[in-house]
Amino acid sequence: MRVPDDMSDEEAKQKQDDLATYAESNGFHLATVFHEYVPGAQSAFTELVEAVKRVEAKHVVVPSYRELALNRSLQDAMLTHLSYATGGAVVISLDDCS
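Residues numbered from 1 in each chain as written. Predicted model: local features only at pLDDT ≥ 70, side-chain atom pairs only at ≥ 80, totals over all residues. Heavy atoms only, no water.

> Could you clarify how one ought to interpret the packing of aromatic side chains in this entry?
To describe a pair of aromatic rings, you give the distance between the ring centres and the angle between the ring planes. Tallied over the entire structure, the rule returns one aromatic pair. Lying across the ring of Tyr65, Arg72 places its NZ or CZ 5.6 Å from the centre. (Phe/Tyr/Trp six-rings, centres within 6.5 Å; stacked < 30°, edge-to-face > 60°. Lys NZ or Arg CZ within 6 Å of the ring centre and 35° of its normal.)

If you want it as C-alpha cells, here you go:
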C-alpha cells in the first residue's frame, strides 16, 4: 500500500480497513499489509514477494493496481514478476471488485 506524504492517517487506515474487510468477506486471512512511503520505491513490493513465497500464499489483495505503480506497463511487469516468483500467486485489486 503506497502511503504518500499527503495521505492522512485516516485515509491510510481506511485503505487498510478495506483490505481487511475484503479478506474477511472472501474467506482470506489478511496476514500483513506492506506500506511503501517513498515515491517510486519498490522495497515493500520486494518484501511482499518474499513473504508470499515464504508462506506459499495464493492471493495478494491491493487497493488498486496503482499501488504497485502508476504506469500500466510497470504494473503488468510487477504482476508478472509476482506470479512467476511465487509460483502463480493471484493479485486481486479492490478497484476491480467494486
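> What exactly am I supposed to notice about the pattern of salt bridges here?
Pairs can form between side chains of opposite charge once their charged atoms are near each other. A complete count under the given rule lists four salt bridges for this structure. Among the salt bridges present, the one from Lys13 reaches Asp17, with a minimum N-O distance of 2.9 Å. Of this pair, Lys13 and Asp17 both sit in helix H1 (residues 9-25), four residues apart, roughly one helical turn. Between Arg72 and Asp76 there is a salt bridge, with its nearest N and O atoms 3.3 Å apart. With Arg72 and Asp76 both in helix H3 (residues 72-86) and four residues apart, this pair spans about one turn of that helix. Residue classification places Arg72 among the partly exposed residues on the basis of a relative accessible area of 48%. (Salt bridge = Lys/Arg side-chain N within 4 Å of Asp/Glu carboxyl O. Helix = DSSP H or I, 4+ residues; strand = E, 2+ residues; numbered from the N terminus. Buried < 20%, exposed > 50% of the residue type's maximum accessible area, 1.4 Å probe, protein only.)

> Sorry if this is basic, but what is going on with unusual backbone geometry here?
For residues besides glycine, phi is generally negative; the peptide bonds are generally trans as well. We note that Glu56 has phi near 55 degrees; this positive angle belongs to a residue other than glycine. Relative to the helices and strands, Glu56 is located in the loop between helix H2 (43-55) and strand S1 (59-62). Note on Glu56: relative accessible area 61%, which makes it exposed.

> Looking at this structure, how should I read the environment of Tyr22?
With respect to the secondary-structure elements, Tyr22 resides in helix H1. With residues near it in sequence (within four places) discarded, Tyr22 still touches Phe28, Val61, Ile92, Leu94 and Cys97. (Contact = heavy atoms within 4.5 Å.)

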